[in-house]
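Structural features, examined
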Amino acid sequence: MQSESYKLGRFFLCGLKHNSAFVQSIKKFAKEKRVMMAVFTVIGAVKKAKLACYDQVKHEYQQIKLDKPLEIASCFGNLSLKDGKPFVHLHAVLADETGKTYAGHLINATVFAAELHLQELLGNKLEREYDQTTGLALWEFGEQ
Ligand code: ZN
């Protein structure tokens with residue numbers, strides 16, 4: 001198991017813009033504040049969303065398209081680097097008007113209203129590298 005420890009940096013609260021693209025908004029905010037690594041949560045609502053489940057045999061994402069208003073019951077994510085650029089990894093549990101939930105890897109969504117709570121992390125650069133076993137871009141902590 002590989003790991004790395006980080007110091008806590010700034011803590012941000014941010015309201016994401018109505019009608020903005022969820023993932024791009026978080027990326028844009030991080031870029032503006034020069035945050036390179038972070039963990040975050042989001043609550044709020046989206047107008048529509050695209051979730052995905054990773055097919056562990058085919059090594060590809062199976063998409064789940066949700067074209068309706070949904071509550072963000074829970075959303076966790078982190079920010080690290082991939083190819084030297086900020087990369088956002090997000091998972092969400094979204095609920096419809098009946099309370100039925102959909103969950104998975106969040107590809108993107110259109111923001112209705114959303115509150116981002118973001119904890120900046122300070123320390124060695126955290127890069128993602130292609131992992132042959134899983135087919136995913138996983139954290140590479142370097143030599144231990
Ligand atoms: Zn994921």
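One can find the structure itself at the top, above this paragraph.
Residues numbered from 1 in each chain as written. Predicted model: local features only at pLDDT ≥ 70, side-chain atom pairs only at ≥ 80, totals over all residues. Heavy atoms only, no water.

Structural notes on the overall build of the protein chain
A tally of regular secondary structure across the protein chain gives 1 helix and 8 strands. The linear arrangement of helices and strands in the protein chain, starting from the amino end, is β-α-β-β-β-β-β-β-β. Its C-alpha atoms give the protein chain principal-axis dimensions of about 50 × 40 × 20 Å. The buried share of the protein chain, taken over its 144 residues, is 36%. Considering only intrachain contacts with a sequence separation of at least 6, the fraction spanning at least 24 residues in the protein chain is 68%. A total of about 9000 Å² of accessible surface is found on the protein chain, and carbon and sulfur atoms cover 54% of it. (Helix = DSSP H or I, 4+ residues; strand = E, 2+ residues; numbered from the N terminus. Buried < 20%, exposed > 50% of the residue type's maximum accessible area, 1.4 Å probe, protein only. Contact = heavy atoms within 4.5 Å. Areas by Shrake-Rupley, 256 points an atom, 1.4 Å probe, with all protein chains shown as cover.)

Some points on the coordination of the zinc ion
For the zinc ion, the full set of protein donor atoms is His 89 (NE2), His 91 (NE2) and His 105 (ND1), and the range of their distances to it is 2.0 to 2.1 Å. Spacing between the donor residues of the zinc ion along their common chain follows H-x1-H-x13-H. Taken together, the residues His 91 in strand S5 (residues 85-95) and His 105 in strand S6 (residues 101-122) connect sequence positions 14 residues apart. (Donors = N, O, S within 2.8 Å, 3.2 Å for Na, K, Ca; no water.)

A word on the environment of Trp 139
When you line up the elements, Trp 139 lands in strand S8 (residues 137-140). Taking the C-alpha atoms as reference, Trp 139 lies 13 Å from Ala 38; in sequence the two are 101 residues apart. Apart from the residues lying within four places of it in its own chain, the contact partners of Trp 139 are Gln 2, Asn 78, Ser 80, Leu 126, Glu 127 and Arg 128. Reaching out from Trp 139, the side chain makes a polar contact with the side chain of Ser 80 at a distance of 3.2 Å. (Polar contact = N/O pair within 3.5 Å; in protein donor to acceptor, adjacent residues only side chain to side chain.)

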